[in-house]
Amino acid sequence: MDAARDGAGLDTASVAKAATALLDASDSGIPIPPLTATHPDLSVADAYAVQLRQVAAWTDAGAVIKGHKVGLTSAAMRRQLGVDQPDFGHLTHGMFFQDAAPIDTARFLQPRIEPEIALVLGRPLAGPGVTAAEAVAAVEFALPALEIIDSRIADWKITLADTIADNASSGGVVLGTTPARLDALDLPLTGCLLHRDGDLVDTGAGGAVLGSPINALVWLANVLGERGVTLEAGHVVLPGSVTAAVPVAPGDTFTAAFGGIGSVTAAFAARGEAS
């Protein structure tokens with residue numbers, strides 16, 4: 001099947017069943033086979049419907065939407081999945097962790113870490129038709145961030161539809177505490193050094209994110225606008241990773257240092273040490 005096709009392929013009952021399978025995997029800690037293996041007709045439209053079913057379940061249980069993430073912003077990943085555009089997921093309040101505070105790795109199934117330049121909105125941003133100038137004007141400040149991506153799909157064997165259905169492989173996010181105004185930054189040239197336990201594991205720059213994190217924000221605002229959704233003031237947008245994702249193990253400590261923005265640390269508790 002074409003992983004990027006847009007036609008609907010599943011009925012309502014099948015969408016609900018797929019959403020329940022992902023919710024159960026998250027609760028049990030046991031990943032499931034790819035949805036595209038069990039539901040060969042799963043389309044992009046279906047996958048977003050599956051994602052929204054889970055978001056509704058979370059908000060019904062008291063979760064609050066605090067932002068969105070954009071995935072598949074690197075050209076290499078889009079080529080790997082055979083798609084020509086990114087995807088998005090939702091960030092709830094329970095996904096946010098404090099800078100350098102211990103994180104229980106057992107909360108995740110198959111975690112990986114990605115350094116990102118988080119954009120925090122100072123005013124609402126509604127598409128379609130949002131321009132780069134409007135996106136810049138809506139951003140109050142940028143923060144250093146480490147996204148914890150995760151997959152409820154076994155062994156990360158995902159297609160585009162699988163990751164969309166799985167809330168764009170969202171897990172959590174650690175935000176730094178050093179806000180930077182955009183007029184003090186050149187986002188495409190903003191460099192990042194990613195360290196694990198003091199050792200450099202990767203480097204990157206904002207230009208890896210669709211040429212600029214602002215381009216990811218424009219894409220997100222316009223895609224959500226087509227669905228009648230407005231990005232709200234105070235919401236956090238994770239525009240995409242500036243490096244490849246790095247696997248996480250209990251006891252790992254990651255620090256991402258961004259030029260002109262500052263640093264952020266994700267400290268994963270060793271086994272048996274999580275509070």
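About the thresholds
Residues numbered from 1 in each chain as written. Predicted model: local features only at pLDDT ≥ 70, side-chain atom pairs only at ≥ 80, totals over all residues. Heavy atoms only, no water. pLDDT = per-residue confidence, 0-100. Contact = heavy atoms within 4.5 Å. Core = buried A, V, L, I, M, F, W, Y, C linked by side-chain atoms within 4.5 Å. Buried < 20%, exposed > 50% of the residue type's maximum accessible area, 1.4 Å probe, protein only. Helix = DSSP H or I, 4+ residues; strand = E, 2+ residues; numbered from the N terminus. Pairing = 2+ DSSP bridges. Phe/Tyr/Trp six-rings, centres within 6.5 Å; stacked < 30°, edge-to-face > 60°. Lys NZ or Arg CZ within 6 Å of the ring centre and 35° of its normal.

With that settled, the discussion passes to the confidence of the model for the chain. In this model, the chain carries an average pLDDT of 93, and 95% of its residues clear a pLDDT of 70 or more. Note that pLDDT drops below 50 for residues 1-7; the model gives that stretch 22 contacts with residues more than four away or on any other chain.

Proteins that are soluble and globular tend to have nonpolar side chains buried together. Judged by nonpolar contacts, the single largest core of 70 residues is most densely connected at Ile-113, Leu-125, Leu-217, Leu-231 and Phe-268. Among the elements that line this core, the one with the most residues is helix α7 (residues 213-226), at 9 residues. Within the second largest apolar cluster, 10 residues are counted, among which are Leu-91, Ala-118, Leu-143 and Val-236.

All right, on to the sheet that holds strand β4 (residues 102-103) then. Overall, mixed pairing links the 5 strands, which are arranged β4-β13-β12-β8-β9 in an open sheet. Pairing within the sheet leaves two strands with one partner each, and these edge strands are β4 and β9 (199-205). Where strand β12 (residues 253-258) lies against strand β13 (residues 262-268), 6 bridges are found, and the strand directions are antiparallel. Note on β13: the bridge partner recorded for Ala-256 is Val-264.

Below, the discussion takes up the packing of aromatic side chains. Throughout the structure, instances matching the rule amount to 3 aromatic pairs. Ring centres of Phe-254 and Phe-268 lie 6.3 Å apart, and the angle between their planes is 85°; this geometry places the pair in the edge-to-face category. Within this pair, whereas Phe-254 is found in strand β12, its partner Phe-268 is found in strand β13, the two being separated by 14 residues in sequence. One Lys or Arg, Arg-227, reaches over the ring of Tyr-48 and ends 4.8 Å from the middle of that ring.

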